[in-house]
Amino acid sequence: MVALFGGYLLVTMFGDVRYFLQGGSPRDLGDAATLVASGGLNDDLREQYVTLHGTPDVQHAARARLGEKTVGYLRIVEGGGSLFAAIPRSPDKPTGNQFEGEFTGRLRRVADVRMYAWITQYFDGERIVETRDLSTDQLLAALDNNKLQPTDQISLSVDQPDARIQLGRTSFRSLAAAEAAVQALGVPSFAPAEQNSSAFYTFVARIPADQRAAAQATLNAAGEATTDEQKAKPDPRIGALVVPFFTTYLVPAAELKHEAQSLSFPLRDDGTSPGYVVVDGKLAPRPLTDGRLQIDLSQLRAVGRMQPVRVDPDGYIIQVGEHPRDQWPTLALWLVVLAVVGWNLTSLALWWRRRQA
């Protein structure tokens with residue numbers, strides 16, 4: 001019984017012994033993004049003394065009290081849910097989450113640390129979502145081959161052919177005056193029914209990109225004269241501003257369809273503009289087909305896949321500041337247990353030989 005219990009202790013304590021034998025120089029793992037992309041988070045990293053460079057997710061950092069110590073737990077962004085750091089924190093210092101981007105210490109499997117259940121509960125409860133950038137070809141391949149989960153959220157950023165115009169209410173005293181200035185540009189335009197800003201009026205106009213600077217100068221000249229002091233201070237109530245117009249749609253993967261050179265999806269009632277088309281020389285909201293909005297693939301400026309972050313038990317956590325030499329008491333105890341087990345096994349073998357004789 002002593003030998004069996006001692007053997008159990010030898011196995012469970014061997015990780016600490018293995019870490020003690022790492023020596024005094026940390027293994028430089030380089031940048032976390034490169035490490036993850038290369039598939040370097042393999043089993044060879046267990047119980048290693050390492051240095052890793054990464055981006056701390058300070059927004060979701062946590063603290064836990066372990067006996068007399070306070071430890072800060074945070075996620076390393078490049079690892080998703082597979083890289084974490086445990087950093088000793090002084091209770092005497094302010095509680096602000098300020099961390100460096102370099103971590104040196106003991107690297108262990110997340111499932112091997114005693115705080116595993118608490119780490120999982122905390123970070124999964126934070127409902128962290130990351131956006132993974134996709135190319136248009138990657139999105140189409142995933143759609144055509146059913147590689148997306150129905151619950152995946154796809155972010156579509158669309159370049160619209162129009163420009164957004166802001167006309168300050170100080171320079172343009174009424175909506176009618178602002179509309180007249182926009183119409184004088186001689187391009188199709190649209191005036192939203194709701195003008196919610198108290199500082200400026202908003203319009204959309206079909207102005208080519210290479211003509212927008214000239215259009216802004218024309219609109220500035222059309223407004224009421226302003227003083228040099230007013231011009232010197234950036235103020236949305238004064239003058240005109242012509243900027244690109246783009247929209248972003250968040251679509252469940254199950255509702256997204258690829259049709260030839262376009263994508264279609266139901267337009268949600270969240271206030272996002274469907275874009276505009278020219279009808280009888282004016283801009284009008286783009287019509288829907290059976291409640292679905294259709295956009296050309298050529299209009300996509302960016303595509304993202306929204307993925308929830310979950311703690312990976314096979315991921316790694318760096319216990320920052322833990323040096324291999326800190327495990328010498330464990331090594332001494334392990335050697336004592338090894339001696340006790342060896343003595344008991346030797347006694348058992350001698351007893352068995354005498355019995356046989």
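The present account deals with the structure reproduced in this document. Owing to the predicted nature of the structure, the values given are computational and were not obtained by experimental measurement.

Next up on the list: the overall build of the chain. A tally of helices and strands in the chain yields eight helices and 18 strands. Computed over its C-alpha atoms, the radius of gyration of the chain comes to 32 Å, more than 25% above the 21 Å expected for a compact globule of 357 residues. Based on the C-alpha atoms only, the size of the chain along its principal axes is roughly 115 × 55 × 30 Å. Each of the 357 residues in the chain was classed as buried or not, and the buried ones make up 40%. Of the accessible surface of the chain, which amounts to about 20,500 Å², a share of 53% is contributed by carbon and sulfur atoms.

Let's shift gears to the pattern of salt bridges. Evaluated as defined, the whole model comprises 15 salt bridges. Residue Asp-43 pairs with Arg-109 through a salt bridge whose shortest N-O separation is 3.2 Å. Note that Asp-43 is positioned in the loop between helix H2 (32-37) and strand E2 (48-53) and Arg-109 in strand E6 (residues 102-109), a separation of 66 residues in sequence.

With antiparallel pairing, three strands are arranged side by side in an open sheet as E12-E13-E16. At either margin of the open sheet sits one strand with a lone partner, and together these are strand E12 (257-259) and strand E16 (292-296). For this sheet, the mean angle separating the axes of adjacent strands, direction not counted, is 30 degrees. Relative to strand E13 (residues 262-266), E12 is paired through three bridges, and the arrangement is antiparallel. Bridging from a neighbouring strand, His-258 pairs with Leu-263 of E13.

Its volume calculated, the largest pocket comes out at about 550 Å³. If you go around the largest pocket, you meet 21 residues; those closest to its centre are Leu-66, Lys-69, Val-71, Gln-319 and Glu-322. At the level of secondary structure, the elements contributing two or more residues to the lining of the largest pocket comprise strand E4 (69-75), strand E5 (83-89), E6 and strand E18 (316-320). Here the residues of the lining of the largest pocket are counted per class, giving ten nonpolar, four polar and seven charged. Its boundaries defined by the atoms lining it, the second largest pocket holds a volume of some 220 Å³. What lines the second largest pocket is simply Glu-179, Val-182, Gln-183, Gly-186, Val-187, Pro-188, Ser-189, Phe-190, Ala-191, Phe-203, Gly-281 and Lys-282. Broken down by secondary-structure element, the contributors of at least two residues to the lining of the second largest pocket are helix H5 (175-183) and strand E9 (189-190).

What follows deals with the pairing of strand E3 (residues 62-66). Taking every second residue as pointing to the same face, the buried face of E3 carries Ala-62, Ala-64 and Leu-66, while none of Arg-63 and Arg-65 on the other face is buried. Pairing between E3 and E4: five bridges, direction antiparallel. Within the sheet, the bridge partner assigned to Leu-66 lies in E4 and is Lys-69.

Note: strand E14 (residues 276-279) against strand E15 (residues 282-285), four bridges, orientation antiparallel. Paired with Val-277 across the bridge in E15 is Ala-284.

Okay, helix H4 (residues 136-144) next. Within the span of H4, buried status applies to Leu-139, Leu-140, Ala-142 and Leu-143. What you see down the axis of H4 is that its buried residues fit within an arc of 160 degrees, all on one side. In this fold, the buried residues of H4 make contact with strand E8 (153-168), E12, E13 and strand E17 (300-308). Remark: Asn-146 follows H4 within two positions and exhibits a positive phi of approximately 55 degrees.

The rules we used
Residues numbered from 1 in each chain as written. Predicted model: local features only at pLDDT ≥ 70, side-chain atom pairs only at ≥ 80, totals over all residues. Heavy atoms only, no water. Helix = DSSP H or I, 4+ residues; strand = E, 2+ residues; numbered from the N terminus. Rg over C-alpha atoms; globule rule 2.2 N^0.38 Å. Buried < 20%, exposed > 50% of the residue type's maximum accessible area, 1.4 Å probe, protein only. Areas by Shrake-Rupley, 256 points an atom, 1.4 Å probe, with all protein chains shown as cover. Salt bridge = Lys/Arg side-chain N within 4 Å of Asp/Glu carboxyl O. Pairing = 2+ DSSP bridges. Axes fitted to C-alpha atoms, helices over the stretch in contact; angles between N-to-C directions. 1 Å grid on protein atoms, 1.4 Å probe; cavity = no way out; pocket = protein on both sides within 12 Å on 5 of 7 lines; lining within 4 Å. Points joined across faces, edges and corners; volume = space filled by probe spheres on them. Nonpolar A, V, L, I, M, F, W, Y, C, P; charged D, E, K, R; others polar. Arc of directions from axis to C-beta. Contact = heavy atoms within 4.5 Å.

This is a description of form; function is not addressed.
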